[in-house]
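Chain by chain, the residues:
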Amino acid sequence: MNTSHRRPELLAPAGSLDMMRTAFAYGADAVYAGQPRYSLRVRNNSFGKLDVLAAGIAEAHAAGKAFYLVANIYPHNSKIRTFEEDMAPVIDMKPDALIMADPGLMMMVRERWPDMDIHLSVQANTTNYASVRFWQSMGVKRIILSRELSLDEVAEIRDACPDMELEVFVHGALCIAYSGRCLLSGYFNHRDPNQGSCTNSCRWDYKLHEAGENAAGDVQSCGNTPLGNPTDFGTVGTALGSALGGGPRHIGGSKVWLLEEGSRPGELMPIEEDEHGTYILNSKDLRAIEHVQRLVEIGIDSLKIEGRTKSPYYVARASQGYRRAIDDAVAGRPFDTRLLGELEGLASRGYTDGFYQRHHTPEHQNYLRGHSESGRSLLVGEVIGFDDARGLAEVEVKNRFAVGDKLEFLLPSGNLSATIERIEQADGTSLPLVPGSGRRVWLPLPAGADSSQPCFIARYL
C-alpha cells in the first residue's frame with residue numbers, strides 16, 4: 001500500500017462564481033462546474049453563460065487553482081451532432097480537464113483536442129483495477145472511482161494502478177440506485193437523470209402501502225393505512241421489517257408494496273423487492289470525513305465534495321472541514337472528532353459513510369456515536385459588508401437569532417465564537433431578536449475577525 005502521505009487535492013463543487021470563490025477561500029484546491037447541455041446538473045448553474053465560465057476559469061488559474069469542466073452526460077444522437085461546435089469555445093478557455101463518461105464523446109475530444117486532459121466521471125461506475133487500466137490505455141488522466149467501493153477495494157486499485165490519478169467522493173448526496181443509474185425522475189416527470197435533468201425524485205415524500213393479490217391476480221392495497229416513510233440507506237425490507245408486521249405479500253416470488261408519492265395521493269404504484277432489495281427511496285447523505293486519514297494513506301489524488309446546486313455556506317463549511325481533516329492526516333495528527341459535529345450544521349438527510357466500511361470497528365463506532373455535538377449549528381446570516389463608521393458588519397439574515405445567542409463566525413483564517421450583545425437596524429435602533437430571513441441587520445464582529453474576509457454566521461444549537 002502507498003503510505004507516502006502525499007497531500008491530496010480537495011475538490012469542491014461550484015455552481016456560480018460566488019460559490020467558486022467561497023470554495024477557494026475556505027480551503028479547496030480545485031472546483032468543478034458543469035457545461036449545462038452536456039453535464040448532469042442543468043439547474044442552478046450560472047456557468048452556462050460563456051462569459052461567466054471564462055471569468056471563472058481565468059480567476060481560478062490566477063489564484064493558482066484548478067478548474068474542471070463537467071461534460072459527463074450519456075448523450076442521444078441530437079447532442080452528438082452539436083457537441084464539437086458547442087465545446088470549441090469552451091476548450092479555448094483552457095479548463096484543466098473535462099470530466100466525461102461517454103466513450104463516444106471522449107473519442108471526439110481526443111481526436112479534435114488531443115492535448116485536453118480527461119477525467120473519467122463517477123457515472124462510468126469504475127469498480128475494479130482492470131477497468132482503470134483500460135481507461136488508462138485510452139489516454140484518460142484520472143479515474144473518479146465508483147461510490148460503491150469499500151476502502152479496501154480502493155486500496156487494491158491503488159496498489160494495482162500506482163501511476164494513475166484516482167479520485168473519490170467523500171461528502172454529499174448519494175444516489176439510492178447505483179450511482180447515476182436511476183430512472184425514477186424520467187418515470188415521473190420525463191426528465192431523465194442521465195440527460196442532466198434529474199429532479200431528485202428519490203428524495204420526495206413517499207408512503208408505502210401493504211399489497212396483496214385479488215382473485216384476478218392483480219396487485220391491490222390491503223388497506224388505506226400507509227406504512228410509513230423509510231428514508232434510510234440500504235434496502236427497504238430491512239427498514240420496514242417491523243412496520244410491515246411480518247412483511248408484505250409474496251407475489252410471483254417477490255415482495256410487493258404499493259408506493260404513494262406525496263403530490264399524487266391515491267396513485268398507488270407497485271414496487272418489488274427481491275433478494276437484492278429495492279432501491280428507489282431516499283438515501284442518507286455521504287459523510288466520510290473520518291476516513292480521510294485512510295484515504296491519504298492509500299494515496300488517493302483527489303477528495304471530492306458533491307453539491308453543485310448547494311449554497312455557498314455549504315461549500316464553505318464542507319471545504320473548511322475537509323481541509324482540516326486532510327492537513328491533519330498529512331501531518332500525522334489524529335482525526336479531530338469535532339469535525340463530525342461541525343458538519344452536522346449543514347442541512348442533510350442524515351449521514352452515512354456509504355460503502356467505505358461495511359462493518360465499523362469499535363474505534364469508528366466511537367467516532368460516530370461518541371463525538372461531542374456541541375459544534376452543531378444553524379446558518380443564521382452572511383456578512384455582505386462592513387460599516388467602518390459604526391464598526392459593525394452588515395449581515396443578510398438567513399434564520400432567526402437573538403441577543404444573547406452564542407454565534408460562530410466562519411472565516412477562512414479560522415472560526416471565532418462570540419455571544420451576541422447587540423443587533424442594530426439601518427437607522428441604528430436596537431433589536432432584541434431577528435425573527436427570520438429577508439432582513440439586513442448590523443452586528444459587531446468578534447475580536448480578531450478580519451472584516452475583509454468572507455464570513456458566514458451560525459448559531460450554536
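Per an unreviewed UniProt entry, the chain goes by the name U32 family peptidase and belongs to Parazoarcus communis SWub3 = DSM 12120.

**Points about the pairing of strand S3 (residues 66-71)**
Counting buried residues in S3 gives six out of six residues, a clear majority hidden from the surface. Along S3, one buried face is formed by Ala66, Tyr68 and Val70 and the opposite face, lined by Phe67, Leu69 and Ala71, is buried too. Sheet analysis places strand S2 (residues 30-34) next to S3, joined by five bridges and oriented parallel. Bridging across to S3, Tyr32 finds its partner in Tyr68. The sheet contact formed by S3 and strand S4 (residues 97-100) spans four bridges and is parallel. Residue pairing in the sheet places Val70 in a bridge with Ile99 of S4.

**Side note on the confidence of the model for the chain**
With 76% of its residues at a pLDDT of 70 or more, the chain has an overall mean of 84. Counted against residues more than four places away or in other chains, residues 224-253, with its pLDDT under 50, gives 67 contacts.

**Let's talk about the sheet that holds strand S19 (residues 406-410)**
One open sheet holds the six strands; their spatial order is S20-S19-S23-S16-S17-S22, and the pairing between them is antiparallel. Because the sheet does not close on itself, it has two edges, and the strands there are strand S20 (416-419) and strand S22 (440-443). Each strand axis lies, on average, 35 degrees off the axis of its neighbour in the sheet, ignoring direction. Where S19 and strand S23 (residues 456-460) come together, four bridges link them in antiparallel fashion. Bridge pairing links Leu410 to Phe456 in S23.

**Topic: the packing of helix H1 (residues 17-25) against helix H2 (residues 50-62)**
Helix-helix packing is characterised by the crossing angle of the two axes and by the distance between the axes. H2 packs onto H1 with a crossing angle of 15 degrees between their chain directions and a minimal axis gap of 10 Å. The orientation of H1 relative to H2 falls into the category roughly parallel. The handedness of the crossing between H1 and H2 is right-handed. Facing H1, whose interface residues are Leu17, Met20, Arg21 and Phe24, H2 presents Val52, Ala55, Gly56, Glu59 and Ala60. In the contact of H1 with H2, the residues fall into six nonpolar, one polar and two charged.

**Digging into the packing of aromatic side chains**
For the structure on display, the rule yields five aromatic pairs. Here the aromatic rings of Tyr26 and Phe456 are separated by 6.1 Å at their centres, their planes lie at 50 degrees, and the arrangement is tilted. Of this pair, Tyr26 sits in the loop between H1 and S2 while Phe456 is found in strand S23, placing the two residues 430 residues apart along the sequence. In terms of burial, Tyr26 and Phe456 fall into one category: buried. Measuring from ring centre to ring centre gives 5.5 Å for Phe47 and Phe67, while their planes differ by 80 degrees; the resulting arrangement is edge-to-face. Here Phe47, found in the loop between S2 and H2, pairs with Phe67, found in strand S3; they are 20 residues apart in sequence, far enough to count as distant.

**What about the pairing of S2?**
Burial within S2 is extensive, with five of its five residues counted as buried. In this region the chain leaves strand S1 (residues 9-13), passes through H1 and returns to the parallel neighbour S2; the handedness of that crossover is right-handed.

**Digging into the environment of Ser179**
Its location among the elements puts Ser179 in the loop between strand S7 (165-172) and helix H7 (184-189). Of the residues examined, Ser179 reaches a relative accessible area of 1% and is grouped as buried. Between the C-alpha atoms of Ser179 and Arg147, which are 32 residues apart in sequence, the distance is 6.9 Å.

Conventions and cut-offs
- Residues numbered from 1 in each chain as written.
- Predicted model: local features only at pLDDT ≥ 70, side-chain atom pairs only at ≥ 80, totals over all residues.
- Heavy atoms only, no water.
- Buried < 20%, exposed > 50% of the residue type's maximum accessible area, 1.4 Å probe, protein only.
- Helix = DSSP H or I, 4+ residues; strand = E, 2+ residues; numbered from the N terminus.
- Pairing = 2+ DSSP bridges.
- pLDDT = per-residue confidence, 0-100.
- Contact = heavy atoms within 4.5 Å.
- Axes fitted to C-alpha atoms, helices over the stretch in contact; angles between N-to-C directions.
- Parallel < 35°, antiparallel > 145°, perpendicular 65-115°, else oblique.
- Left-handed = near helix turned anticlockwise from the far one by under 90°.
- Nonpolar A, V, L, I, M, F, W, Y, C, P; charged D, E, K, R; others polar.
- Phe/Tyr/Trp six-rings, centres within 6.5 Å; stacked < 30°, edge-to-face > 60°.
- Right-handed = clockwise from strand over helix to strand, strands pointing away.

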